[in-house]
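Okay, here's what each chain looks like letter by letter:
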Amino acid sequence: MASTVPDRATPSGIPVAPVYHPDDAPVDYPTDLGEPGAYPFTRGVQSTMYRSRLWTMRQYAGFGTADETNRRFKLLLEAGQTGLSVAFDLPTQMGFDSDSPRASGEVGRVGVAIDTVDDMHRLLADLPLDTVSTSMTINATAATLLAMYLVVAEERGVPWTKVSGTIQNDILKEYIARGTYIYPPGPSLALITELFAFCAEQVPQWNPISISGYHIREAGATAVQELAFTFANTVEYVSRAVKAGLSVDVFAPRLSFFFAAHSDLFEEAAKFRAARRMYARIMRDRFHATDASARLRFHTQTGGVTLTAQQPLNNVVRVAVQTMAAVLGGTQSLHTNGYDEALALPTAEAATLALRTQQIVAYESGATATVDPLAGSYYVERLTDELEQRAEALLKTVDEMGGAEQAIARGFFQEEIGKSAYALQLRIERGESVIVGVNKFTDDQEPPVMPAPDYSALEREQVERLRAARAARDDAAVTRALGALRDAASYANGAFQSPVVPTIVAAVRARATLGEISDALSSAWGHYQPS
């Protein structure tokens, strides 16, 4: 018997029926599901999933100075974390040295300040780079930060072939949702393509990109838009790499993804299942990739925008629900937010509790006992199909515009996300979407005031370190390295004069600063100006 007319909907607007029956979720097992570890990977990218190996517990951290962040990394590793994740401050993300007038007041505020390779040495001090995987959330300056990481490994005697991790390096979502872009799309995309080839050849365990739906979702997108726009960007990156002559099966196995986990448990878990199936079909059907290149491997972070300053301990429960959604959905790596992050950078106590949340789900909940535990639920299978179909329709719209770059230029992504964010805010204000402690079950208590670091002192100390580093280096060598970088980066007809990534590495070795390298590239490419 078919279910009755739906009277509720998921946050993406998918109608939810009072009850589901077998004919609500007709599934062709070989085509739509398949075995775990086999195409189309709906049920997971590994045959045994968490029965053999848990996801990587990778807590995101970046606190003012490299030394302070290093101490937090060690605390988290001692608490059982299995991977590192670095947050950088805004000047580092935007290509400004800490003594730039443009950096004033922002140094170390939302992450760690990295001006030189010596800062990177301090960030990674005493950490085993040949065994610990590191993720770096950086985009416009991604190639420079990766070069710094590699030079640190080199100077510590660790071969690049043993270094593992991920650089976010997803510039398209910066134009769409986040705004930390520097250069125009043409050379930015060409540099990303070059980095694909560089990593495949020289740093084979490194993921050269983490294509991010997370920031798209944080900007107000629905789960459907998160899927569609992430894969529209994916098609753009892969198409450009193939056009540049790279074999898809050389670079695609190292592509990784980054998604959000919000609080609608079943829609989120179904979203991750739909994402694997969509990606597998895109890679096989559009790019004729092998199955090894069609496995969607992704990191998840619990929803930053879902955290509330009011009644902040409620966030502990939100994060637990979101953690369960990510695990039930089959994530490969997970960051759980601290309950106090709506107020300030997370305290050590909150960061440790966030990690403990993952550990409780891993070891106490039973969610890891079997692969894809939600499979076969009529509701979940219906949601998986609905999310895929709606995202595919939206992806087709982007294709008809000429792809992601053209859709960004026309403002399509930005406008669609803006509409969704506005509609959600209206639902919250009308009480149709309940936020516990905000528009229902409220109290009269003011949000707690969190102590803040002395950012002015922190900035002065970082500037002093930067100036000391400049005074100690060989200026002639830096000048030569930056000149070579400007020459290599000369961009015409979609190509560089010569390979850019090796010249960035050479500039880092010579102790050029992040800002100097960024300025050299800006002199060749100019700055992006949104229309």
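An account of the accompanying structure is given in this report. (Residues numbered from 1 in each chain as written. Predicted model: local features only at pLDDT ≥ 70, side-chain atom pairs only at ≥ 80, totals over all residues. Heavy atoms only, no water.)

Some details on the overall build of the chain
- Regarding its fold elements, the chain presents 20 helices and 13 strands.
- A compact globule built from 531 residues should have a C-alpha radius of gyration of about 24 Å, and the chain, at 23 Å, falls within 12% of that.
- In terms of overall dimensions, the chain has a C-alpha envelope of 80 × 55 × 45 Å along the principal axes.
- Within the chain, the fraction of its 531 residues that count as buried is 57%.
- For the chain, restricting intrachain contacts to residue pairs at least 6 apart in sequence, the fraction spanning at least 24 positions comes to 76%.
- Accessible surface, the chain as shown: approximately 21,100 Å² in total, 52% of it carbon and sulfur.
- Averaging the positions of the 47 positive and the 62 negative side-chain charges in the chain gives two centres separated by 2 Å. (Helix = DSSP H or I, 4+ residues; strand = E, 2+ residues; numbered from the N terminus. Rg over C-alpha atoms; globule rule 2.2 N^0.38 Å. Buried < 20%, exposed > 50% of the residue type's maximum accessible area, 1.4 Å probe, protein only. Contact = heavy atoms within 4.5 Å. Areas by Shrake-Rupley, 256 points an atom, 1.4 Å probe, with all protein chains shown as cover. Lys, Arg positive; Asp, Glu negative; His and termini not counted. Charge placed at Lys NZ, Arg CZ, Asp CG, Glu CD.)

Things to note about the sheet that holds strand β3 (residues 56–61)
- On the basis of which strands lie adjacent, the open sheet formed by nine strands has the order β7-β6-β5-β4-β3-β11-β10-β9-β8 and parallel pairing. Of all the strands in the sheet, the pair left with one neighbour each is β7 (206–207) and β8 (209–212).
- Relative to strand β6 (residues 165–167), strand β5 (residues 134–137) runs parallel, the two sharing three bridges. By the bridge assignment, Ser-135 is partnered in β6 with Thr-166.
- On top of the sheet, helix α9 (residues 223–243) reaches β8 and β9 (255–261); it is set at about 165° to β9, its chief contact. (Pairing = 2+ DSSP bridges. Axes fitted to C-alpha atoms, helices over the stretch in contact; angles between N-to-C directions.)

So, the layout of surface pockets
- Taken as a whole, the second largest pocket spans an internal volume of roughly 1,200 Å³.
- In terms of lining residues, the second largest pocket is bounded by 41 residues, among which Pro-11, Leu-424, Ser-433, Val-434 and Ile-435 are the most central.
- Put simply, the parts of the chain that give the lining of the second largest pocket at least two residues each are β1 (8–9), α8 (214–218), α11 (265–287), α12 (314–329) and α16 (412–430).
- At seven residues, the largest contribution of residues to the lining of the second largest pocket is made by α16. (1 Å grid on protein atoms, 1.4 Å probe; cavity = no way out; pocket = protein on both sides within 12 Å on 5 of 7 lines; lining within 4 Å. Points joined across faces, edges and corners; volume = space filled by probe spheres on them.)

Some details on the packing of aromatic side chains
- For the structure on display, the rule yields 25 aromatic pairs.
- With 5.4 Å between their ring centres and 15° between their planes, Phe-196 and Phe-251 make a pair best called stacked. Of this pair, Phe-196 sits in helix α7 (residues 185–202) while Phe-251 sits in helix α10 (residues 248–251); the two residues are 55 residues apart in sequence, bridging distant segments of the chain. Across the pair, Phe-251 and Phe-196 agree in class, each one buried.
- Considering the side-chain rings of Phe-231 and Tyr-279, the 6.1 Å spacing of their centres and the 25° angle between planes classify their relative orientation as stacked. Taken together, the positions of Phe-231 in helix α9 and Tyr-279 in helix α11 put the pair 48 residues apart, joining distant regions of the chain. Here Phe-231 and Tyr-279 have matching classes, each one buried.
- For Arg-284, the ring lying beneath its charged end belongs to Tyr-39, and the centroid distance is 3.4 Å. (Phe/Tyr/Trp six-rings, centres within 6.5 Å; stacked < 30°, edge-to-face > 60°. Lys NZ or Arg CZ within 6 Å of the ring centre and 35° of its normal.)

Details of the nonpolar core
- Counting 146 residues, the largest nonpolar core has Phe-231 and Phe-413 as the members making the most contacts within it.
- Not counting residues within four places of it along the chain, the set of residues in contact with Phe-413 comprises Ile-176, Phe-229, Ala-232, Asn-233, Val-398, Ala-404, Ala-407 and Ile-408.
- In terms of nonpolar packing, the next biggest core, distinct from the first, is built from five residues, Ala-103, Val-107, Ala-113 and Leu-458 among them. (Core = buried A, V, L, I, M, F, W, Y, C linked by side-chain atoms within 4.5 Å.)

Concerning the pattern of salt bridges
- In total, this model carries 34 salt bridges according to the counting rule given.
- One salt-bridge network, in which partners are shared between bridges, spans Asp-97, Asp-99, Arg-467, Arg-470, Arg-473, Asp-475 and Glu-516. (Salt bridge = Lys/Arg side-chain N within 4 Å of Asp/Glu carboxyl O.)

Quick word on empty space enclosed by the protein
- Here the structure, examined in full by the defined rule, presents five cavities of 30 Å³ or more.
- Quantified by volume, the largest cavity comes out at close to 100 Å³.
- Lining the largest cavity are Asn-139, Ala-140, Ala-142, Ala-143, Asn-169, Ile-171, Ile-182, Tyr-183, Ser-188, Leu-191, Ile-192 and Trp-525.
- Listed by contribution, the elements that provide at least two residues to the lining of the largest cavity are α5 (142–155) and α7.
- Broken down by element, the lining of the largest cavity gets its largest block of residues, three residues, from α7.
- Classifying every residue of the lining of the largest cavity gives nine nonpolar, three polar and no charged.
- Computed from the structure, the second largest cavity encloses a volume of approximately 80 Å³.
- Together, 14 residues line the second largest cavity, and Met-49, Val-327, Gly-330, Asp-372 and Pro-373 are the ones closest to its centre.
- Residues belonging to the lining of the second largest cavity are distributed by class as follows: seven nonpolar, four polar and three charged. (Nonpolar A, V, L, I, M, F, W, Y, C, P; charged D, E, K, R; others polar.)

Thoughts on the packing of α5 against helix α19 (residues 501–509)
- One can describe the packing of α5 onto α19 by two numbers: an axis separation of 9 Å at closest approach and a directional angle of 60°. Taken together, the axes of α5 and α19 lie oblique to each other. α5 and α19 meet at a crossing whose hand is right-handed. Contacts between α5 and α19 involve Ala-143, Thr-144, Ala-147, Met-148, Val-151 and Glu-154 on the former and, on the latter, Ile-504, Val-505, Val-508 and Arg-509.
- Residues that form the contact of α5 with α19 fall into these classes: seven nonpolar, one polar and two charged. (Parallel < 35°, antiparallel > 145°, perpendicular 65-115°, else oblique. Left-handed = near helix turned anticlockwise from the far one by under 90°.)

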